[in-house]
Amino acid sequence: MSDFKVEPSSTQGGGHPSVTITQTFSYDNGTDSVKDAFVRLQPGLLGNPQSAAFCSQQQFQSDNCPADSKVGSVEVTAHTVLLPFISLTNPGTVYNMSPTGDEPAHIGIVVHAAAGLSKIFLQAPVYIRPGPDGYGLESTFADQPRTAGLHIQIEKIALTFDGQASNGPFMRMPTACADGRSLSRANSWEASTVFSERAFQMTPTDCDKLSFNPKAEGSMGAPGITKAHEFPPVSTTLKFDPEEAALKRAEVVLPLSLGPNLPGAQRACSRELSNASNCPDSSRVGTAIIDSPLQAQPVRGPVYIAFNTANPLPGLIVILPPPVGVRLDGAVDPITAGTRNTFASNPDLPVRSFTLSFEGGRPDSALVLTQDLCAAGTDRTMSVRLVAHNGKQTEFEQELATPGCDPRAKVSIRRRGFRASLVARLRAAPRGPGITSFGLRLPKTLRRGKARPFVLANGARIRPLTRKRLAKMPFPGEVRSATVVWRGLRASRKLRRTTRVRLTMKDARGATTTLNPRVRVRGKRPSGR
């Protein structure tokens, strides 16, 4: 190989230019020709197979790929061995093919027949693989032909991938404006054990123009798992715009109400198995889910607790299986503010969301509650610090949902002689499930008067169904809070300074919470007998 180039039509970081990959070959004799040509693109330079239709193997072999599966073009310059001084450049088409194995993408090339030569059909799987500089796309066109009707010698291959395909942007530039290195290796038919290697440097530009506005959400606990010293399921999700700069570093500090669980740490994968990415199922503590435009569906993979960093405490390993094929390593540090999880080297890949879920409900779970989740003063806030590949960073706090916490209510009664008013304020648990319906039953010492109750919820005033001492209704959707006002109640002489009011609330879990609080009755009692 005498020359190798990777040339985008624009160097705008995160942009979608056409990209031309050129390989030039020279030989020691007039009969040899290139056999296998390997290319590794610099990290962050990607093609999206979901942006075009797919061509099947049968369609490809019959040269009948759909037009909307086209993702580029190719020019092959070659000469016949009989006429070494006359070079011909034959055009061709690049198609997006259906993967045949665990590869995330597969490309096919059809070089059109010209000047007495026959068509050439080549195809290659494309993988995302780690390297010293990060994760990059790798592909090999193997066993390139020496004959196309006549014995040929290939001089140059110029492969152009389009910036836009039938379903949207196809090629995508790195979002880091650092020098990137693409690599190519090739051998020949007559020297198949000898590889020639060339590299090409390319630097994206204007990466600072890319935005970085991630968001976060999460939850901890479950019905029946909310008390201190219990083992809650915990889930955190980071959300991104895949057209913005990609995430490089993530630091998440969990609330003080969560702490590492020592029996869970004892399940840690050994350093030897960690280095080999061969942790046993016994070390698995959760599941990771990545949603990327590069995949038709989100990809799930295991999360292991493992000795994978220089820290004395075990960290986390996320294995995203093929077709993604990415390993992420996280460090775990107990700090004053809580337990900090740091993933320092995320690949430059477009992502919509990344979810990290820890299993709960078992004594050797990864995390343990140090406080009652449903108590008023409990810390439910995680701190997030995220750094993009273009250097932009953001820090914010996010309160975690508590789906195991029941809704609450506060009831007040004020009387004036034989009349009384009741106000009930219903509230969902902080970041817990919303309230979907309620029922309120008056004590026997109160009964409905002429005035009907009303409910204030989501900015609307609603009339509930009422009977003698009952008011109830389903809400048109989930509500975080609602106020029930019932005026003009008839109060019995037997209404004391305190009484009980029965409340039921259903929430989005389908659970029913029943309360029977003791309520203080304020105001004046009727005078005389």
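Note: the structure precedes this text.
The rules behind the values
Residues numbered from 1 in each chain as written. Predicted model: local features only at pLDDT ≥ 70, side-chain atom pairs only at ≥ 80, totals over all residues. Heavy atoms only, no water. Pairing = 2+ DSSP bridges. Helix = DSSP H or I, 4+ residues; strand = E, 2+ residues; numbered from the N terminus. Axes fitted to C-alpha atoms, helices over the stretch in contact; angles between N-to-C directions. Phe/Tyr/Trp six-rings, centres within 6.5 Å; stacked < 30°, edge-to-face > 60°. Lys NZ or Arg CZ within 6 Å of the ring centre and 35° of its normal. Patch = residues over 30% accessible without salt bridge, like charges linked within 9 Å, V, L, I, M, F, W, Y side chains within 5 Å. Areas by Shrake-Rupley, 256 points an atom, 1.4 Å probe, with all protein chains shown as cover. Salt bridge = Lys/Arg side-chain N within 4 Å of Asp/Glu carboxyl O. Lys, Arg positive; Asp, Glu negative; His and termini not counted. Charge placed at Lys NZ, Arg CZ, Asp CG, Glu CD. Buried < 20%, exposed > 50% of the residue type's maximum accessible area, 1.4 Å probe, protein only.

A.B. asks: Would you mind showing me how to read the sheet that holds strand β21 (residues 299-306) here?
C.D. replies: Two pairing modes exist for strands in a sheet, parallel and antiparallel, and in both the strands are linked by backbone hydrogen bonds. Across the sheet, 11 strands lie side by side as β16-β17-β25-β20-β21-β22-β23-β24-β18-β27-β28; this open sheet has antiparallel pairing. Edge strands, defined here as strands with exactly one partner in the open sheet, are β16 (215-220) and β28 (393-399). Taken pair by pair, the neighbouring strands of this sheet meet at an average axis angle of 20°, ignoring direction.

A.B. asks: I keep staring at unusual backbone geometry and nothing clicks. Help me out?
C.D. replies: Most peptide bonds are trans, and most residues other than glycine sit at a negative phi. Here the bond from Pro322 into Pro323 is cis, since omega is 15°, no more than 30 degrees from zero. Note that Pro323 resides in the loop between β22 (315-320) and β23 (326-335). Positive phi, normally seen in glycine, also occurs at Asp206, with a value near 55°. With respect to the helices, strands and loops of the structure, Asp206 is situated in the loop between β15 (191-202) and β16.

A.B. asks: Honestly, the packing of aromatic side chains in this entry has me stumped. Any pointers?
C.D. replies: In this description, an aromatic ring pair is defined by two values, namely the gap between the centres and the angle between the planes. Across all of its chains, the model carries 3 aromatic pairs by this definition. Across from the ring centre of Tyr127, 4.1 Å away, lies the NZ or CZ of Arg129, which sits over that ring. Over the ring of Phe454 we find Arg461, and its NZ or CZ is 3.6 Å from the ring centre.

A.B. asks: Just to check I follow, could you spell out a positive patch on the surface for this structure?
C.D. replies: Taken together, the side chains of Lys410, Arg414, Arg425, Arg427, Arg493, Lys494, Arg496, Arg497, Arg520, Arg522 and Arg525 define a basic patch exposed on the protein surface. Contributions of two or more residues to the positive patch are made by β29 (408-416), β30 (419-427) and β41 (518-524). Looking at the secondary structure, you find Arg497 in the loop between β37 (481-491) and β38 (498-500).

A.B. asks: Teacher, can you tell me more about the pattern of salt bridges here?
C.D. replies: The final tally for this structure, using the stated rule, is 23 salt bridges. Two residues, Asp143 and Lys35, come together in a salt bridge whose shortest N-O distance is 2.9 Å. In this pair, Asp143 sits in the loop between β9 (134-141) and β10 (152-161) while Lys35 sits in strand β3 (residues 34-40), placing the two residues 108 residues apart along the sequence. Given a relative accessible area of 45%, Asp143 falls into the partly exposed group. Between Arg267 and Asp364 there is a salt bridge; the shortest N-O distance is 3.8 Å. With Arg267 in the loop between α2 (262-265) and α3 (271-275) and Asp364 in the loop between β25 (353-358) and β26 (367-369), the pair connects residues that are 97 residues apart, well separated along the chain. With relative accessibility at 12%, the residue Arg267 sits in the buried group. Judged by relative accessible area, which is 22%, Asp364 ranks as partly exposed. A single network of salt bridges, built from pairs that share partners, joins Arg40, Arg129, Asp133 and Glu138.

A.B. asks: Where do I start with the sheet that holds strand β39 (residues 502-507) in this structure?
C.D. replies: Strands sit in the order β35-β36-β31-β39-β40 across an open sheet of 5 strands; the sheet is antiparallel. A single partner strand is all that each edge strand has here, and the edge strands are β35 (465-466) and β40 (512-515). By the bridge criterion, 6 bridges tie strand β31 (residues 435-441) to strand β36 (residues 470-479) in an arrangement that is antiparallel. Along β36, the bridge assignment pairs Gly439 with Lys472.

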